[in-house]
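So you can see what is in the structure, the chains are spelled out below.
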Amino acid sequence: MTKGNAGFSAIAAALALAISVAAVPSRANAQSTQELLQRIEAMERQLEGMKQLDQDLQALKAQLKANEAATRQAEAAARQAQDQAEAVQKQAQAAEKQARATERQARQAERADAKWHLSGYASTGFRVSDKGDEEDTFEAGRLNPIFHFQYKDLVLFEGEFQFQVNSAGKTDTELEYATIDVLLHDDAALMAGKFLSPIGQFQTRLHPDWINKFPNAPAGFGHGGVQPLSDVGVMLHGGFAFNPLVNYPLVNYAIFVGNGPQLEFEDELEAIEFEGFGSDNNGNKSLGGRIGILPIPHLEIGGSFMTADIEGVAGSSGPVTEGEYTLWGVDAAFTRGPWDVRFEYLSSELDSFFSAIEADEATELVPETDFDAWYVQVAYQLRGVTDARFLRNLEPVVRYGEVDAEGFAHFVGHIVPEDRLSVGLDYWIAPSAVAKFAVSWRDFVDSGAEDATEFRGQLAYGF
């Protein structure tokens, strides 16, 4: 019992005793001593009850304080658990944020490792000729998108499609080339697929319309000419410097093995097709390549070769024997400042081809044939002599070339012997956009074909 409670009990007992004593004289006659004692005992019992009640109250207070202490401990534990949960949640959020950052970095690294690029060119033009059997015409537009995909410095894909409207108004689609290059070394790459023929300069470097200085190809080059256009197989190509300190002389090289050309017999038409075939009809592969040397800056001299065994495709004439096709060529280019000077020469030989199986029944379908084609071209941009805005974008260009064929080409018209002089004027609208105008004088020597003068124009854009 506390001091306050004890004082309260003493005062209550004294007060009760005083009242009782005070009341004794006035009631002495009415009440007996026994009754007084009973009352005193009753009051003492009440006082004891009050003491017990006070003790119970104090016990309740102590229990309440204990409960309050336990509650405070529970609240503190709850707050600690909540703080720990919040800390864990923050750690989880930080970990998730770090994971997202790592994922972004991985994607960025992957994008940095894997690159792609879209380029290509488009063109349209017109042709006017004084040759009686040729109509003056606008030439349908052509679109050649080129795709490049590269992963690190390990592998590269490149492919070119050509979309062109034909004379019937329909769209022809061709796969110009599609290759996968494995980058073996800084000086070497292994290419597999359908690739442009590395023979000479024109096909691999000059044939895109916005690069070619004229609206058409030189005589005997391009489609239907002496030059192979493409092949299907593998090619090792690259370049290196004899003296890395000065980077000259430089050597570039390309050597390939492919399915090779085929000789097609369709009724009366016999033609060598140089575009890459998806399969080999005789199992004999073509072998060829080119080596270029730059002895000094701006000057390149190259040499090309190719050999293949050809089996004629059976037609109305029946089975056809095999024959050998060989080609060699030289080329040179000088490109410095406004000057662009080029020369290229190709010479090839084709064996005779016979029909029928028995030797005594053999019929010569194609005699031994020689093909030759060459051209020289000189272009000069007037920016070399003037700063006038219009004049400096002009580029006069002259090209002279010949193509000759001794053999079946004389009488089937596949390759018509021709001397061609072309004079042109190009205007460079932008570094890769050009408007070209040219006139050509075509002399079909010893072929019986009518000579012609042609006017051509073309608008080409490389992107």
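Refer to the preceding data block for the structure.
Residues numbered from 1 in each chain as written. Predicted model: local features only at pLDDT ≥ 70, side-chain atom pairs only at ≥ 80, totals over all residues. Heavy atoms only, no water.

(A) Expanded view of the overall build of the protein. Helix and strand counts for the protein come out as four helices and 20 strands. Among the 463 residues that make up the protein, the fraction classed as buried is 35%. Of the contacts made within the protein by residues no fewer than 6 positions apart, 57% connect residues no fewer than 24 positions apart. In the form shown here, the protein has an accessible surface area of approximately 26,300 Å², with 59% of it arising from carbon and sulfur atoms. (Helix = DSSP H or I, 4+ residues; strand = E, 2+ residues; numbered from the N terminus. Buried < 20%, exposed > 50% of the residue type's maximum accessible area, 1.4 Å probe, protein only. Contact = heavy atoms within 4.5 Å. Areas by Shrake-Rupley, 256 points an atom, 1.4 Å probe, with all protein chains shown as cover.)

(B) Expanded view of the nonpolar core. The biggest cluster of nonpolar side chains holds 29 residues, and the ones touching the most others in it are Val226, Ile272, Tyr325, Leu350 and Phe371. Looking at this core, the element that brings in the most residues is strand E16 (residues 369-380), giving three residues. If we skip the residues at most four places from it in the chain, Tyr325 touches Val226, Pro261, Ile272, Phe274, Met306, Thr307, Ala308, Ile310, Ser348, Glu349 and Leu350. (Core = buried A, V, L, I, M, F, W, Y, C linked by side-chain atoms within 4.5 Å.)

(C) Fine view of the pairing of strand E5 (residues 188-196). Bridge count between strand E4 (residues 171-185) and E5: seven bridges; the pairing is antiparallel. Across the sheet, Thr179 pairs through a bridge with Gly193, a residue of E5. Relative to strand E6 (residues 230-241), E5 runs antiparallel, the two sharing eight bridges. For Lys194, the partnering residue across the bridge sits in E6 and is Val232. (Pairing = 2+ DSSP bridges.)

(D) Expanded view of unusual backbone geometry. The amide bond that connects Tyr248 to the next residue, Pro249, takes the cis arrangement and shows omega of -5°. Along the chain, the position of Pro249 falls in the loop between E6 and strand E7 (250-258). Phi angles above zero are rare outside glycine, and Lys152 is one such case at about 50°. You will see that His298, though not glycine, has its phi angle at about 80°, which is positive. Mapped onto the fold, His298 is located in the loop between strand E10 (286-296) and strand E11 (299-313). Exposure remark for His298: the relative accessible area of 33% places this residue in the partly exposed category.

(E) Representation of the pattern of salt bridges in the model. In this structure the tally under the stated criterion is 15 salt bridges. The salt bridge involving Glu300 is made with Arg290; its shortest N-O contact spans 3.2 Å. Taken together, the residues span a long stretch of sequence, with Glu300 in strand E11 and Arg290 in strand E10 at a distance of ten residues. Judged by its relative accessible area of 5%, Arg290 falls in the buried class. In this structure, the salt-bridge partner of Glu454 is Arg442, at a minimum N-O distance of 3.0 Å. With Glu454 in strand E20 (residues 452-462) and Arg442 in strand E19 (residues 433-443), this pair connects stretches of sequence that are twelve residues apart. Considered together, Glu454 and Arg442 belong to a single accessibility category, that of buried residues. (Salt bridge = Lys/Arg side-chain N within 4 Å of Asp/Glu carboxyl O.)

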